[in-house]
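Letter by letter, the chains look like this.
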Amino acid sequence: AQSVTQPDIHITVSEGASLELRCNYSYGATPYLFWYVQSPGQGLQLLLKYFSGDTLVQGIKGFEAEFKRSQSSFNLRKPSVHWSDAAEYFCAVGPPSSNTGNQFYFGTGTSLTVIP
Amino acid sequence: DGGITQSPKYLFRKEGQNVTLSCEQNLNHDAMYWYRQDPGQGLRLIYYSQIVNDFQKGDIAEGYSVSREKKESFPLTVTSAQKNPTAFYLCASTGQGQDVYTFGSGTRLTVV
């Protein structure tokens, strides 16, 4: 069965510190992988995506993520966190676009708090 | 600018009443989706539609209904059969290739 696990429910980091949010997935084929960010009371905004090719992908707001097939992981990183990065982060997986019935699966989210 | 519009942003419903949440997109996307979001549970798929006049149940369709009469619109009705409807509801769409979701800003439904 397809699933996404974000093992960290909540993370607190100091402003300027580095950040890594973990994501592990279970999928029957090579999936498309995504990270989304959600501010309180808002919809989800795409940070970055991985379809194929270079396993290190760059996204908006200085975020990057690395796909590790052997570990079924797609961890999100940022070298230096800003106070405005405080939000909820969701990892998601979906089938390649050639597949029909393309349901996407989301993790339960990681809430990020940034302290001065 | 193209995007997805969900209305209203806040909605209050009395127990036993049906209520309809609106979702409109001007992205010319074929597929549309409804998700429910509860604290600590992430996003759960309620219904999705790949084309006009066709839709499929998601993981938690009980107590909900949808229609897809127009490509741009995918309204969700929360019926009185939904026992715990208080939640944040998100609408999304995907275009050709259907490989990236675009989300609306959500509707927070509260049963009073």
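Look up: the structure comes first, before these words.
Note that this is a predicted model, so its numbers are computed, not measured.

A. Local environment of the pattern of salt bridges. Within the structure shown, the criterion is met by seven salt bridges over all chains. Residues Glu64 of chain A and Arg77 of chain A are paired through a salt bridge, measuring 3.3 Å at the closest nitrogen-oxygen approach. With Glu64 of chain A in strand 8 (residues 64-68) and Arg77 of chain A in strand 9 (residues 73-78), this pair connects stretches of sequence that are 13 residues apart. Classification of Arg77 of chain A as partly exposed rests on a relative accessible area of 24%. Asp30 of chain B is the partner of Lys71 of chain B in a salt bridge, and the nearest nitrogen-oxygen pair spans 3.3 Å. One end of the pair, Lys71 of chain B, is in the loop between strand 7 (64-66) and strand 8 (76-78); the other, Asp30 of chain B, is in the loop between strand 3 (19-25) and strand 4 (31-38), with 41 residues separating them in the sequence.

B. Structural detail: the state of the cysteines. For the coordinates displayed, the defined rule picks out two disulfides over all chains. Cys23 of chain A shares a disulfide with Cys91 of chain A; S-S distance 2.0 Å. On the sign convention where negative means left-handed, the S-S torsion of about -65° between Cys23 of chain A and Cys91 of chain A marks this disulfide as left-handed. Residue Cys23 of chain A is found in the loop between strand 3 (19-21) and strand 4 (24-26), and its partner Cys91 of chain A is found in strand 10 (residues 87-94); the two are separated by 68 residues along the sequence. As far as the burial class goes, Cys23 of chain A and Cys91 of chain A line up, both buried. Cys23 of chain B shares a disulfide with Cys91 of chain B; S-S distance 1.9 Å. An S-S torsion of about -75° defines the bridge between Cys23 of chain B and Cys91 of chain B as left-handed. Here Cys23 of chain B, found in strand 3, pairs with Cys91 of chain B, found in strand 9 (residues 87-94); they are 68 residues apart in sequence, far enough to count as distant. Across this residue pair, the class does not change: Cys23 of chain B and Cys91 of chain B are buried.

Rules used in this analysis
- Residues numbered from 1 in each chain as written.
- Chains lettered and ligands numbered in written order.
- Predicted model: local features only at pLDDT ≥ 70, side-chain atom pairs only at ≥ 80, totals over all residues.
- Heavy atoms only, no water.
- Salt bridge = Lys/Arg side-chain N within 4 Å of Asp/Glu carboxyl O.
- Helix = DSSP H or I, 4+ residues; strand = E, 2+ residues; numbered from the N terminus.
- Buried < 20%, exposed > 50% of the residue type's maximum accessible area, 1.4 Å probe, protein only.
- Disulfide = S-S within 2.5 Å.

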